[in-house]
Amino acid sequence: MIFILNMTLFLIGLFIIIRETNLIKKVIGLNIFQASVFIFYLIISKVDEGIPPILNQGYTIYSNPLPHVLILTAIVVSIATTSLALALIIKIKQKHNTIEEDELDET
Amino acid sequence: MNILIAHLLFLFISIVTLYLFRKEKIIGLIHIILSALSFLGSLYIIKNQTMYLQNTIDLIYIIPGISISFGLDHLGLIFLIISNGLWFMTSLYSERYLNLNEYKNKSSFFIFFTFSMFATNAIIYSSNLLTTFIFYEILTLATYPLVTFKKDEKSIINGKKYLYYLLGTSIIFLLPAIILTQLTTGTLDYRVGGIFDNYDSLTISLLAILFMFGVAKSAIMPFHKWLPSAMVAPTPVSALLHAVAVVKSGVFILMKIMLYIFGVEVLKDTSANNFIILFASITIIVSSIIALNQNNIKLRLAYSTIGQLSYIVLATAILAPYSIMAATLHLIFHALGKIILFLSAGIIATQTGIKEVSEMNNLSRKLPITCFLVLIGAFIMIGLPPTVGFISKWYLLIGIMESDKLYLLIIIIISTLLNAGYYFPIIYKSYFEKESSSDAKEITEDISLVFPVMIIGAIVILLFFNISFITTFIDGYIIRK
Amino acid sequence: MSQLPILIIALPLLFIPLIILLRSNQYSFILSIIVSLLNLALIIILFKQVYYNGDMFYELGSWPAPIGIRLNADLLSCYFLFLINFISLICLISSKDLVNTQVAKENIYLFYTSWLLCNIGFSGIILTNDIFNLFVFLEISSLASYFLISQGNYKKSVLAAIQYLFIGSIGAVFILMAIGILYTHTGTLNMTDLSEKIIQAKPSSSVILAIALFFIGVAIKSALFPLHGWLIRTYAYAPSIVVTYFSGTSTKIGIYILLRVFLDILNSINPFEYYDLAQLILFLSLFGVLLATFVAIKQSEIKNMLAFSSVAQLSYIVIAIMLLTPDGVTASLIHVFNHSIIKTGLFLIITILFINNNNITLDDIAGLNSKHPLIASSFLILLLGLVGLPLTSGFISKWYLVMAIFKSDYWYISGVVLITSFMTLFYVWLLIEKIYFSNNKFSDGHKINGYQYVCVFILTGLTLYLGIDTHFTVGISKEITVNTFYQLN
């Protein structure tokens, strides 16, 4: 069930990137898209009855910490992408005075 | 050092020399000297042939197992002497011709001319298919600047056609054929009796067709259009390259493929030669019919060349001993005859400006020697005695009798009639037709133009009376080996 | 010596802060060249080591392999590493005047920084033995390349950059997703470990999903037909020297990932067998070759023409890979190298001739022969190499490609391959005719500096040399095929 929800998020993100013409909205779509994958990683790291992976006496089952670490890296990448995209959009706004893609293609 | 490599190296240095001394005044002379040296070199090789035959040299391995390698065989010897000898004659002619026609940029002409001869000689010496293929492509590229030498709209369009036909067929047909050969046999060397030990008739037939179309320099229809296109080039180019070096390279390669790659037995066994015979026959007839309708002298000669080349291919593909003899002889005689015709056409165009057959009325009054040379050339093409053309046609007829393909006689007879049909008008017009407008302009024949052609003419006549040394050579070394 | 793999990544990283701190256009250029030279020297040493002594490992932080991140240099890595860094160096050397005219003055040091970062990303992708690391390095190089593209002097350069950013990010996220799925099945990110554990994982539909996602991601990165749209746009609007650099590197990185992931790591589960994936890609690529060649003939803008030619040539590489035979892989490896050299050379000549990088049409190059005869003949040789005429490296590629096709089950596609390779001649000859037969005067009058001449001659010389002496390309490619991809057979 949760995978289906996750996949829905994935597809929504993808759809926004492809469908939208406004560049800012595209960036938002990209973020949703990336977030869905981050969530996917978090889902797979969950071990049944596991607790957060901090050593704790009395508990033997922990959730898998590795995907969390991976996703930390991926989030950094995602933020870098977003910030670069926003910077580029500012440039585009300065140059073309619009951020609607269909208008940009005409210029 | 090996003499073959030395010869090629000499030709390469010649190109460099011509480039370094590219002064319009002296370059023609240098070219004559270089071609004479190359001719002498080839005579020397012939004299000491036993030393160099069947002695291959691997230069560099391009692809693991396949090298650029050079060697010499008896068929190559014949082509070697023809191409180098005629190159020398043409070099005498072309210096004068270019001056009279006031061509600019003579130096690049001679550089690429020598480059083409370098490629031709390399094709002669190459002892495996890959080497042949490499220099085959180089020959195409080397002659392209000569075809487009005038650099006008027409020559560029024709040059493009020339290039697309030759490169296209070699990429689409010849290259896969070579690769397929390499895959099936594991070798690309020319070997007496062929290199196919295990074969099935489908592969052989496929390869035969691929090779036939791939070597488009032999101008078998439907890939013949490049040859008429190439006629925009200056006459020495049409004469030496597109009647001798380039087209004969094509035929030479096809002969070598049929004799030394497939081998006579394999071809006979699989009847793959029937495809080649079929297309060659069609080419002979169709090209003759087209030639009948050509008014431009050079174009008529070009279509005649297409037909004559197919004679050679046809004769080889019949695979009877005498027909192979005929093919080899015709390789020589057609070269001699066609170069006479082209060079004469060049003289006529230079001195009178006549380029069409219909304008040739009573030309023999003005240019008696040239017209007599045209007569000799035409006789060779038709195959009439007392010219050598008769001899090769004679052997071809015997060869056909020898084989079981008697129906080919009909094709030979029809084509001979057609040949006569398009050569006799030229002769008739130049000797018997009255001039339409009396042109008072007196013309004396330019002796330095005519002289080299006269020599070739004399050789042709002499050869008719003393042919045995060639036939025994062919008989001894090419057929009975 | 065992530190070599990490040095190749770390050395440029050490130089980057220096460049940023100095903020000098002059020094940033010199420093990047120095570091690239050093890097290339290191790579050559590494290559020799690997060739004679076998694979080389470096474990980051000394954590042993499945737990820690490992860098792994085998022949395949070295082959691509050498190619990419060599081309990067060549492009850097000839970049000086070009960057000064095309890139805004205040951005030049950032331009070189990004260039180095991009190259680090490429090197990292090639060297890493950790599949998540591969994603990170891919993003590093991508982010840097978005910036590089946005620095073009066209009004639309930034737009091209952001469009590439969206497409590239989609590809990257697909790859990230695929990595996640593979991780759930195997519990490891180490490539060597993964390739062993994936066999035990049941071939479920989610593995197939992972394969599909990964492939689409890679296909976007390497501009495989029909996902090549970004390549055309990018090549049209990026600074010309960046185009030259990318033409030989960025798509080839895609090919590297394709080979590494699908034929090395996932080879044990035959990823291309699901739903006849290989066949599908093969015929798509075949169609791609045809279409790209046709479109290239119609182009009047030279860079577009060369870009479409790149799409066609990449499709040849993919066709060779999708034959899934040892010969096919060998052919693809040979062609990767040869085509990189040739295409970089072609773009480099266009780049240095037209410093202003405005629309470069066929008419602009007319009469080149009378102005720069040496450049013109280099261009001629490279173009003939593109067609694949003998004595150029293109011929060797074609020989092996056709040979591989003949040996495979798909012998009948050889016709299309040969005909399209002949059709290459059509657009090549449009250029050659303009160069040699046009009466127009070549208009662009600026001087070409000596370094640029040398770079062009090196690439031209290599094109000829690799066409005659094939010990390097063919020898190494065969060795890679045997060592990495088909060691079992």
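Data block above holds the structure.
Chemist: For the overall build of chain C, give the residues involved together with the corresponding values.
Modeler: Along chain C, the regular secondary structure elements total 21 helices and two strands. Taken across its 489 residues, chain C has 69% of its residues classed as buried. Here chain C has roughly 15500 Å² of accessible surface; of this, 64% comes from carbon and sulfur atoms. Averaging the positions of the 23 positive and the 21 negative side-chain charges in chain C gives two centres separated by 10 Å.

Chemist: How would you sum up the overall build of chain A? Please name residues and give values.
Modeler: What chain A contains, in helices and strands, is four helices and zero strands. Overall, chain A shows an N-to-C arrangement of helices and strands of α-α-α-α. Its C-alpha atoms give chain A a radius of gyration of 19 Å, more than 25% over the compact-globule value 13 Å for 107 residues. For chain A, the spread of C-alpha atoms along the three principal axes comes to 65 × 25 × 10 Å. Of all intrachain contacts in chain A linking residues separated by at least 6 positions in sequence, the fraction that spans at least 24 positions is 50%. When the accessible surface of chain A is totalled, it reaches about 6300 Å², and 69% of it is carbon and sulfur. With 7 positive and 9 negative side-chain charges, chain A shows a spacing of 7 Å between the two charge centroids.

Chemist: Kindly report on helix H16 (residues 368–382) of chain B, identifying the contributing residues and their values.
Modeler: Helical periodicity: at 3.6 residues per turn, an α-helix aligns residues three or four positions apart in one direction. Residues and elements named next belong to chain B. Taking 1.5 Å per residue as the helical rise, H16 with its 15 residues ought to reach 21 Å, and the 21 Å between its terminal C-alpha atoms agrees with that figure. For H16, the set of buried residues is Thr370, Cys371, Leu373, Val374, Ile376, Gly377, Ala378, Ile380, Met381 and Ile382. At the C-terminal side of H16, Gly383 shows a positive phi close to 95°.

Chemist: Run through the interface of chain C and chain A, naming residues and quoting values.
Modeler: With 31 residues of chain C at the contact, the number on the chain A side is 37 residues. Across the chain C/chain A interface, buried area totals approximately 3000 Å², and carbon plus sulfur atoms make up 82% of it. Together, Phe166, Met177 and Tyr183 of chain C form the three largest contributors to the area buried by chain C at its contact with chain A, with a combined 21%. For the interface between chain C and chain A, the tally reads zero salt bridges. Mapped by element, the contributors of at least two residues to the side of chain C that touches chain A are helix H6 (131–150) and helix H7 (157–186) of chain C. With 18 residues, H7 of chain C is the single largest residue contributor to the side of chain C that touches chain A. A breakdown of the residues in the side of chain C that touches chain A according to their chemical character gives 22 nonpolar, five polar and four charged.

Chemist: Help me get a handle on the pairing of strand S1 (residues 56–59) of chain C, residues and values and all.
Modeler: All names here are of chain C. Residue alternation in S1 divides its side chains into a buried set, Met56 and Tyr58, and an unburied set, Phe57 and Glu59. Both S1 and strand S2 (residues 70–73) contribute to a ladder of four bridges, which runs antiparallel. Looking across to S2, one finds that Tyr58 is bridged to Leu71.

Chemist: Mind laying out the packing of aromatic side chains, listing which residues take part and the relevant values?
Modeler: Summed over the entire model, instances satisfying the criterion amount to 69 aromatic pairs over all chains. Note on Tyr103 of chain B and Phe149 of chain B: the rings are 5.8 Å apart at their centroids and 55° apart in plane angle, and the pair reads as tilted. Pair noted here: Tyr103 of chain B is in the loop between helix H4 (74–100) and helix H5 (106–125) and Phe149 of chain B is in the loop between helix H6 (129–147) and helix H7 (153–185), with a separation of 46 residues, a long-range link. Summarising the burial analysis for this pair, Tyr103 of chain B and Phe149 of chain B share the class buried. Aromatic ring contacts, followed pair by pair, group Phe47, Tyr79, Phe80, Phe82, Phe86, Tyr256, Phe337 and Phe472 of chain C into a single cluster. In this structure, Lys217 of chain B packs its charged tip against the face of Tyr136 of chain B, placed 3.7 Å from the ring centre.

Chemist: With reference to specific residues and values, describe unusual backbone geometry.
Modeler: Cis peptide bonds are those with omega within 30 degrees of zero, and the linkage from Met221 of chain B to Pro222 of chain B qualifies with 10°. Counting through the fold element by element, Pro222 of chain B comes out in the loop between helix H8 (201–214) and helix H9 (226–229). Between Phe225 of chain C and the following residue, Pro226 of chain C, the backbone shows a cis peptide bond with an omega angle of 0°. Summarising the element assignment, Pro226 of chain C is placed in the loop between helix H9 (205–221) and helix H10 (229–237). Even without glycine at this site, Ala219 of chain B takes up a positive phi of about 55°. Turning to its location among the elements, Ala219 of chain B is positioned in the loop between H8 and H9. A residue is classified by how much of its surface remains accessible, and Ala219 of chain B, at 0% relative accessible area, is buried. With a phi close to 45°, Asn270 of chain C is a non-glycine residue in the positive phi region. Here Asn270 of chain C lies in the loop between helix H12 (250–265) and helix H13 (277–298).

Chemist: Go over the side chain of Ser38 of chain B with me, naming the residues and quoting the values.
Modeler: Residue and element names in this part refer to chain B. Locating Ser38 in the fold gives a position in helix H2 (residues 27–47). Classification of Ser38 as buried rests on a relative accessible area of 0%. One polar contact links Ser38 to His7, side chain to side chain, over a distance of 3.0 Å. Setting aside residues up to four positions removed in sequence, Ser38 forms contacts with His7, Phe10, Leu11, Asn84 and Trp87.

Chemist: Lay out the interface of chain B and chain C in plain terms, naming residues and giving numbers.
Modeler: Accessible area lost upon the coming together of the parts serves often as the stated size of an interface. With 32 residues of chain B in contact, the opposing surface of chain C contributes 29 residues. When chain B packs against chain C, close to 2800 Å² is buried across both sides, 83% of that on carbon and sulfur atoms. The three residues of chain B that bury the most area against chain C are Tyr164, Ile171 and Ile179 of chain B, which together make up 20% of that side's buried surface. Scanning the region where chain B abuts chain C turns up one salt bridge. Glu433 of chain C is paired through a salt bridge with Lys160 of chain B; the nearest N and O atoms lie 3.5 Å apart.

About the criteria used
- Residues numbered from 1 in each chain as written.
- Chains lettered and ligands numbered in written order.
- Predicted model: local features only at pLDDT ≥ 70, side-chain atom pairs only at ≥ 80, totals over all residues.
- Heavy atoms only, no water.
- Helix = DSSP H or I, 4+ residues; strand = E, 2+ residues; numbered from the N terminus.
- Buried < 20%, exposed > 50% of the residue type's maximum accessible area, 1.4 Å probe, protein only.
- Areas by Shrake-Rupley, 256 points an atom, 1.4 Å probe, with all protein chains shown as cover.
- Lys, Arg positive; Asp, Glu negative; His and termini not counted.
- Charge placed at Lys NZ, Arg CZ, Asp CG, Glu CD.
- Rg over C-alpha atoms; globule rule 2.2 N^0.38 Å.
- Contact = heavy atoms within 4.5 Å.
- Expected span 1.5 Å × (residues − 1).
- Buried area = accessible area lost by both parts, 1.4 Å probe.
- Salt bridge = Lys/Arg side-chain N within 4 Å of Asp/Glu carboxyl O.
- Nonpolar A, V, L, I, M, F, W, Y, C, P; charged D, E, K, R; others polar.
- Pairing = 2+ DSSP bridges.
- Phe/Tyr/Trp six-rings, centres within 6.5 Å; stacked < 30°, edge-to-face > 60°.
- Lys NZ or Arg CZ within 6 Å of the ring centre and 35° of its normal.
- Polar contact = N/O pair within 3.5 Å; in protein donor to acceptor, adjacent residues only side chain to side chain.

Nothing here speaks to function; it is all geometry.
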